[in-house]
Amino acid sequence: MRSFENSKKLYQEAVKLIPGGVNSPVRAFQAVGDFPIFVKEGNGSHIIDVDNNEYVDFICSWGPLILGHKPQAVTEALKEAINTGTTFGIPTEIENEMAKFICENVPSVEMVRMVSSGTEATMSALRLARAYTKRDKIVKFEGCYHGHADHLLIKAGSGALTLGVPSTPGVPESIANNTLNARYNDLISVEALFKQFPEQIAAVIVEPIAGNMGLVPPKAGFLTGLRELCTKYRALLIFDEVISGFRASIGGAQKLYGITPDLTCLGKIIGGGLPVGAYGGKKEIMSQVAPAGPVYQAGTLSGNPLAMAAGLALLNQLKDEEIYTKLERLTSLLALGLKQAADEAGVKVSINYLGSLLTVFFTESLVECYEQAQSSNTAQFKVFFQSMLEQGYYLPPSQFECWFVSAAHTEEDINNAVEAAKRAFQKVKEM
Ligand SMILES: *Cc1c(COP(=O)(O)O)cnc(C)c1O
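Residues numbered from 1 in each chain as written. Predicted model: local features only at pLDDT ≥ 70, side-chain atom pairs only at ≥ 80, totals over all residues. Heavy atoms only, no water.

To continue, consider the overall build of the protein chain. Scanning the protein chain from terminus to terminus reveals 14 helices and 16 strands. Taken over the C-alpha trace, the protein chain has a radius of gyration of 21 Å; the compact-globule value for 431 residues is 22 Å, and the two agree within 12%. Principal-axis analysis of the C-alpha atoms places the extent of the protein chain at approximately 60 × 55 × 45 Å. Relative to its 431 residues, the protein chain shows a buried fraction of 54%. Working note: accessible area of the protein chain is about 18700 Å², and carbon and sulfur atoms make up 52% of it. Charged side chains in the protein chain number 38 positive and 45 negative. The centres of these two groups are separated by 4 Å. (Helix = DSSP H or I, 4+ residues; strand = E, 2+ residues; numbered from the N terminus. Rg over C-alpha atoms; globule rule 2.2 N^0.38 Å. Buried < 20%, exposed > 50% of the residue type's maximum accessible area, 1.4 Å probe, protein only. Areas by Shrake-Rupley, 256 points an atom, 1.4 Å probe, with all protein chains shown as cover. Lys, Arg positive; Asp, Glu negative; His and termini not counted. Charge placed at Lys NZ, Arg CZ, Asp CG, Glu CD.)

Attention now moves to the sheet that holds strand E1 (residues 39-43). Picture the strands of a sheet paired through backbone hydrogen bonds; they go either parallel or antiparallel. Taken in spatial order, the 4 strands make up an open sheet running E1-E2-E3-E15, and their pairing is mixed. Taken across any chain shown, the strands that pair with only one partner, and hence form the sheet edges, are E1 and strand E15 (393-394). As defined by bridge partners, strand E3 (residues 54-57) adjoins E15 across 2 bridges and the pair is classed as parallel. When the sheet's bridge partners are listed, Val-56 is paired in E15 with Tyr-393. (Pairing = 2+ DSSP bridges.)

Turning our attention to the packing of helix H6 (residues 187-196) against helix H7 (residues 222-232). Close contact between H6 and H7 brings their axes to 10 Å; oriented N to C, the two are set at 10°. With respect to H7, the element H6 is oriented roughly parallel. Residue-level inspection shows Leu-187, Val-190, Glu-191 and Phe-194 of H6 in contact with H7, the latter providing Phe-222, Gly-225, Leu-226, Leu-229, Cys-230 and Lys-232. Taken together, the residues that form the contact of H6 with H7 break down as 7 nonpolar, 1 polar and 2 charged. (Axes fitted to C-alpha atoms, helices over the stretch in contact; angles between N-to-C directions. Parallel < 35°, antiparallel > 145°, perpendicular 65-115°, else oblique. Contact = heavy atoms within 4.5 Å. Nonpolar A, V, L, I, M, F, W, Y, C, P; charged D, E, K, R; others polar.)

Looking now at the site of the ligand. Near the ligand you find Ser-117, Gly-118, Thr-119, Tyr-145, His-146, Gly-147, Glu-207, Asn-212, Asp-240, Val-242, Ile-243 and Lys-268, and these make up its full shell. Here a nitrogen atom of the ligand sits 3.4 Å away from a polar atom, N or O, in the main chain of Tyr-145. Lys-268 is positioned with one of its side-chain polar atoms (N or O) 2.6 Å from an oxygen atom of the ligand. Computed on the free molecule, the ligand has an accessible area of 380 Å², of which 83% lies beneath the protein chains in the complex. A breakdown of the residues in the shell around the ligand according to their chemical character gives 3 nonpolar, 6 polar and 3 charged. (Near = heavy atom within 4 Å. Polar contact = N/O pair within 3.5 Å; in protein donor to acceptor, adjacent residues only side chain to side chain.)

Further remarks concern the sheet that holds strand E14 (residues 357-361). Across the sheet, which stays open at both edges, the 3 strands sit in the order E13-E14-E16 with antiparallel pairing between neighbours. The sheet is open, and its two borders are formed by strand E13 (350-354) and strand E16 (403-404), each paired with just one other strand.

Among the nonpolar cores identified, the biggest contains 86 residues, and Phe-58, Phe-246, Leu-318, Leu-334, Phe-384 and Phe-425 are the most heavily contacted of them. Mapping this core onto the domain boundaries places at least three of its residues in each of domain 1 (5-66 + 321-429) and domain 2 (72-317). Among the nonpolar cores identified, the runner-up in size contains 29 residues, and Phe-141, Ile-201, Met-213 and Leu-229 belong to it. (Core = buried A, V, L, I, M, F, W, Y, C linked by side-chain atoms within 4.5 Å. Domains from an automatic or database assignment.)

We note that the domain assignment places domain 1 (5-66 + 321-429) and domain 2 (72-317) within the protein chain. Between domain 1 and domain 2, the C-alpha centre-to-centre distance is 26 Å. Between domain 1 and domain 2, the residue contacts involve 26 residues of the former and 26 residues of the latter. Together, Tyr-324, Glu-368 and Tyr-370 form the three largest contributors to the area buried by domain 1 at its contact with domain 2, with a combined 28%. Put simply, domain 1 and domain 2 have 2 salt bridges between them. In this structure, Glu-371 and Arg-183 form a salt bridge, with 3.4 Å as the shortest nitrogen-oxygen distance. (Buried area = accessible area lost by both parts, 1.4 Å probe. Salt bridge = Lys/Arg side-chain N within 4 Å of Asp/Glu carboxyl O.)

We now examine the pairing of E14. Here E14 lies mainly inside the structure; 5 of its 5 residues are buried. Inspection of the sheet shows E13 paired to E14 by 5 bridges, in the antiparallel sense. Bridge pairing links Ser-350 to Phe-361 in E14. Counted between consecutive antiparallel strands, the loop separating E13 from E14 contains 2 residues, among which Gly-355 sits at a positive phi close to 60°. Pairing of E14 with E16 involves 2 bridges; the strand directions are antiparallel. Across the sheet, Leu-357 pairs through a bridge with Phe-404, a residue of E16.

If you want it as structure tokens, here you go:
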């Protein structure tokens, strides 16, 4: 048995100082155990906790670490950048380089503004969309997460046509009323909203590959249909590619599926492990952002030289297409191995995987939307999670999150994880 005594002590201290003991709720172990483990170091695909337990890391900081922990190119770029200063609040050349990289690789982006988180990116993109269209309402999808800005923390009521109700205290109804919810992978639910509010919807914001209800890939025709509806009703289509950007392909999901959104939000990978976000799109729309235009948006640390250096160093590595081939190979190996292990143990699972993302849903149902994801047996997930943790595999501590495979993972990591999963599924079967 592993000891978690040091993590426990740190958690007992943290919980008195930090709400819930964590600086972001997804890190908490509420759904899977008593207290989170505290990590002290990462190397490649592995992490080591404060009790010296080692794990294969399947969250990779929830996305940024597509090459695993401490890729040499990023570490070196950071060391070099730090010698010239940490921040200026004055333009630097590397900001141009980052903008150029994004514009050259993300097909729909002609102009881009850097910010410091994904939340800032989506919040700013929506402000811009509202200003550009002179409309107030936005459409989002149940189960999609776009950061924690007020108007994006909204869940649907019972039907897709109900006006948004806040999913957290602190969001005024007056704001929630302008957020409409649709069902992921269901164009009819989107069209119904457009028919109800034909001239009031500023934008549809969507994760082109949904990663925040567990992984839910878009069904054939879904994204094309969204593009057509937005064009027809003169609303903007916003792709939130904070996860899928530079992950689904070097040009994100939009390149993979050949769809052109009006605005794109980025984050995670583009910061190379430092806090970064970005939003970009057509020049005509982006020119509305201050100081070129009237839509205000600013940031003391936006385009921070350390973050740009780390991000660019990582992005430059991704020009090697073999990385994506490798990620796909490892992830499908993992998905197929897990499915077989679950079948052998007689545990019902539905596994979604795409590129380097994967979720094992403990349900028989196909998972193509939030409602179906919710049919998962979270008690089974908890037993599976604990067994995997005990065996040295760090999975997202929630049924409704993606596993992230990195290029630092080896076939051995994957094969061993499948062997461990056989024992974990057995534990689930014996519940
Ligand atoms: C993580 C995430 C965000 C928020 O990014 P932060 O940097 O955590 O603010 C927004 N959209 C999606 C799709 C995300 O996965």
